[in-house]
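So you can see what is in the structure, the chains are spelled out below.
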Amino acid sequence: MHKDLNNIKSLESPPKVIKNFINSDEIKQFLKLYNELPVTVNNIKQKVIKKRWIEGYGKDLEPLFQEKLKSLIGDFKMDNLITEDKKECFGLFQESISPLKLHVDAGFNLNDLIYKQTLILLSEYGETVIFKNRFYGVSTSFTNNENELLENSSENFKKGKNTRSNEHLKMFTDKSFNKDHHNKYLKHEDINNLKGLEIELVYNWNLGDLLIFDRTNLHCSSSNIKNKKIGLTTFTKK
Ligand SMILES: [Fe+2]
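Undergrad: Mind showing me how you'd approach the coordination of the iron ion here?
TA: Each protein donor to the iron ion is listed here as His103 (NE2), Asp105 (OD) and His219 (NE2); together their distances run 2.1 to 2.2 Å. All donor residues of the iron ion come from one chain, and their arrangement in sequence is H-x1-D-x113-H. With Asp105 in the loop between β6 (103-104) and β7 (114-121) and His219 in strand β13 (residues 217-221), this residue pair connects regions lying 114 residues apart in the sequence. The exposure class of Asp105 is buried, given its relative accessible area of 12%.

And the structure:
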């Protein structure tokens, strides 16, 4: 569990969408930056490409992004993984064609005062599902799949992979997940893996918007994907 629970909880707020956070010209610049960056992860099984926005790339965009974000969420520090050669990282671009499953991005250092995470939408079609339920441990993927639970290994953690856990099934209520919501948004998840969860927001992606939510919120993609989705995620702490 995170050490500074009271302060973390005092910083929590409902998810928020900022319409047109960046304009069409800035969208083009972010996509250009995305194309220029080296690939960090190309996971064929999960059908996801990840690229870190590292220091030295997109130099004009960096102050613009930091200032705009500061005007919305106040003072913050970036909490993205620093690269092997100690370069600062301003966010993580993710391009995916299959929906991300249930997880939380609460970080890896339990002494940190984790704060907001943000997502800039760089493609037209997609949905993010944010749950009312929260978790105060480290970054974790929540699964009831025995094989996935076996993926917990020090080797995988070194690679930056999340802990796999099913402890969420004992943490909330025994109430089955809403069948309509499952059918509409979460067909890629086993409904039994969603026991006790309640949706707070289904955000329908709009190019150039910014989605802000707490790092303690459980979330995932919805199953409604047409083509590939591209987003830029940033994690912050106080
Ligand atoms: Fe996430």
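On we go from here.
Undergrad: Honestly, the nonpolar core in this entry has me stumped. Any pointers?
TA: For soluble globular proteins, nonpolar side chains are generally found buried alongside one another. Counting residues in hydrophobic clusters, the biggest one holds 25 residues, and the most contacted among them are Phe30, Trp53, Phe65, Phe93, Ile120 and Leu122. Broken down by secondary-structure element, the contributors of at least two residues to this core are α2 (24-36), β3 (48-54), α3 (61-73), β5 (89-96), β7, β12 (210-214) and β14 (229-237). When near neighbours in sequence (up to four residues on either side) are disregarded, Ile120 contacts Phe21, Ile22, Phe30, Phe65, Asp209, Leu210, Ile230, Gly231 and Leu232. Grouped together as the second largest cluster of nonpolar side chains are 18 residues, Ala106, Phe142, Phe177 and Leu194 included.

Undergrad: Hey, could you run me through α3 in this one?
TA: Between its first and last C-alpha, α3 extends 18 Å over 13 residues, near the 18 Å set by a 1.5 Å rise per residue. Of all the positions in α3, only Leu61, Phe65, Leu69 and Ile73 are classed as buried. Viewed end-on, α3 has its buried residues packed into an arc of 65°, placing them on one side of the element. Opposite its buried face, α3 presents the exposed residues Glu67 and Ser71, each directed more than 90 degrees away. Taken from the residues just after α3, Gly74 is the one with a positive phi, measuring 80°.

Undergrad: Mind showing me how you'd approach the pairing of strand β8 (residues 127-134) here?
TA: One face of the sheet, then the other: side chains in a regular strand alternate in exactly this way. Counting buried positions along β8 gives seven out of eight residues, so the element sits mostly inside the fold. Bridging between β8 and strand β11 (residues 199-204) involves five bridges; their strand directions are antiparallel. By the bridge assignment for β11, Phe131 is matched with Ile199.

Undergrad: Any chance you could explain the pattern of salt bridges here in plain terms?
TA: Between side chains of opposite charge, a pair can form as their charged atoms come close. Under the definition given, this model contains 15 salt bridges. A salt bridge links Lys70 to Asp75; the shortest N-O distance between them is 3.5 Å. The closest approach of N and O atoms between Lys116 and Asp214, which form a salt bridge, is 2.5 Å. Placement of Lys116 in strand β7 and of Asp214 in strand β12 is noted, with a sequence separation of 98 residues between them. Each member of the pair, Lys116 as well as Asp214, is classed as buried. The structure contains a network of salt bridges with shared partners spanning Glu12, Lys116, Arg134 and Asp214.

Undergrad: Where do I start with the environment of Lys175 in this structure?
TA: When you line up the elements, Lys175 lands in the loop between α6 (168-171) and α7 (179-185). Contacts of Lys175, omitting those with residues within four sequence positions, involve Lys195 and Gly196.

Undergrad: Would you mind showing me how to read the packing of α2 against α3 here?
TA: When two helices pack together, their arrangement is given by the angle between the helix axes and by the axis-to-axis distance. Contact geometry of α2 with α3 gives a least axis separation of 11 Å together with a crossing angle of 120°. Viewed along their axes, α2 and α3 adopt a mutual orientation that is oblique. In this structure, α2 meets α3 at a crossing whose hand is left-handed. Together, Glu26, Gln29, Phe30 and Leu33 of α2 and Leu61, Leu64, Phe65 and Lys68 of α3 make up the contact between the two elements. Taken together, the residues of the contact of α2 with α3 break down into five nonpolar, one polar and two charged.

Undergrad: Explain the pairing of β14 to me, please; I cannot follow it from the model alone.
TA: Summarising burial for β14: nine of the nine residues are buried, a large majority. Alternating residues of β14 divide into Lys229, Gly231, Thr233, Phe235 and Lys237 and Ile230, Leu232, Thr234 and Thr236, and every residue in both groups is buried. In the sheet, strand β4 (residues 77-78) pairs with β14 via two bridges, with the strands oriented antiparallel. By the bridge assignment for β14, Met78 is matched with Thr236.

Calculation notes
Residues numbered from 1 in each chain as written. Predicted model: local features only at pLDDT ≥ 70, side-chain atom pairs only at ≥ 80, totals over all residues. Heavy atoms only, no water. Donors = N, O, S within 2.8 Å, 3.2 Å for Na, K, Ca; no water. Helix = DSSP H or I, 4+ residues; strand = E, 2+ residues; numbered from the N terminus. Buried < 20%, exposed > 50% of the residue type's maximum accessible area, 1.4 Å probe, protein only. Core = buried A, V, L, I, M, F, W, Y, C linked by side-chain atoms within 4.5 Å. Contact = heavy atoms within 4.5 Å. Expected span 1.5 Å × (residues − 1). Arc of directions from axis to C-beta. Pairing = 2+ DSSP bridges. Salt bridge = Lys/Arg side-chain N within 4 Å of Asp/Glu carboxyl O. Axes fitted to C-alpha atoms, helices over the stretch in contact; angles between N-to-C directions. Parallel < 35°, antiparallel > 145°, perpendicular 65-115°, else oblique. Left-handed = near helix turned anticlockwise from the far one by under 90°. Nonpolar A, V, L, I, M, F, W, Y, C, P; charged D, E, K, R; others polar.

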